[in-house]
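The lines below spell out each chain.
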Amino acid sequence: MTNWNDKTKRLLKSELIKRGISNSDLVILLNKIGIQETKASIDSKISRGTFSACFFLQCLTVIGCNKIEI
């Protein structure tokens, strides 16, 4: 059985790593578009892999990821 949380977590983490963006950087980028997150909340969401599709799309947008391969 596929662990969807783990797959989603790995996908987001890999896109961040490709671009050299840390979780601290992600906080700043999200704040710039009005999404109020803390580093602790982002660390927690990503480590659990339990975040909304909305959060996932917000992250991909602010890091400049327009296309992903699943």
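Preceding block: the structure.
Keep in mind it's a predicted model, so treat the numbers as computed, not measured.

1. Looking at helix 4 (residues 53-62)
Two residues of an α-helix separated by three or four positions point the same way, owing to the 3.6 residues in each turn. Where helix 4 is concerned, the buried positions are F55, F56, Q58, C59, L60 and V62. Just downstream of helix 4 lies G64, where phi reads positive at about 85°.

2. Considerations on the packing of aromatic side chains
Overall, the coordinates contain 2 aromatic pairs when judged by the stated rule. Look at F51 and F56: their rings are 6.1 Å apart centre to centre, the planes differ by 20°, and that puts the pair in the stacked class. Take F56: its relative accessible area is 12%, and that puts it in the buried class. These aromatic residues form a ring-pair network of at least three members: F51, F55 and F56. Residue placement shows K45 over the ring face of F55; its charged tip is 4.4 Å from the ring centre.

3. Side note on the packing of helix 2 (residues 23-32) against helix 3 (residues 39-48)
For the pair helix 2 and helix 3, interaxial distance at closest approach is 9 Å and the crossing angle is 115°. The orientation of helix 2 relative to helix 3 falls into the category roughly perpendicular. When the axes of helix 2 and helix 3 are compared, the crossing they make is right-handed. The segment helix 2 lies against helix 3, with N23, S24, L26, V27 and L30 engaging K39, I42, D43 and I46.

4. Topic: the pattern of salt bridges
Summed over the entire model, instances satisfying the criterion amount to 6 salt bridges. A salt bridge links D43 to K39, with the shortest nitrogen-to-oxygen separation between them at 2.7 Å. Linking D43 with K39, this pair stays in helix 3, spanning 4 residues, or about one helical turn. Assessed through its relative accessible area of 26%, D43 is described here as partly exposed. Each of D6, K9 and R10 takes part in salt bridges that share partners, so that together they form one network.

Here is what the cut-offs are and how they apply
- Residues numbered from 1 in each chain as written.
- Predicted model: local features only at pLDDT ≥ 70, side-chain atom pairs only at ≥ 80, totals over all residues.
- Heavy atoms only, no water.
- Buried < 20%, exposed > 50% of the residue type's maximum accessible area, 1.4 Å probe, protein only.
- Helix = DSSP H or I, 4+ residues; strand = E, 2+ residues; numbered from the N terminus.
- Phe/Tyr/Trp six-rings, centres within 6.5 Å; stacked < 30°, edge-to-face > 60°.
- Lys NZ or Arg CZ within 6 Å of the ring centre and 35° of its normal.
- Axes fitted to C-alpha atoms, helices over the stretch in contact; angles between N-to-C directions.
- Parallel < 35°, antiparallel > 145°, perpendicular 65-115°, else oblique.
- Left-handed = near helix turned anticlockwise from the far one by under 90°.
- Contact = heavy atoms within 4.5 Å.
- Salt bridge = Lys/Arg side-chain N within 4 Å of Asp/Glu carboxyl O.

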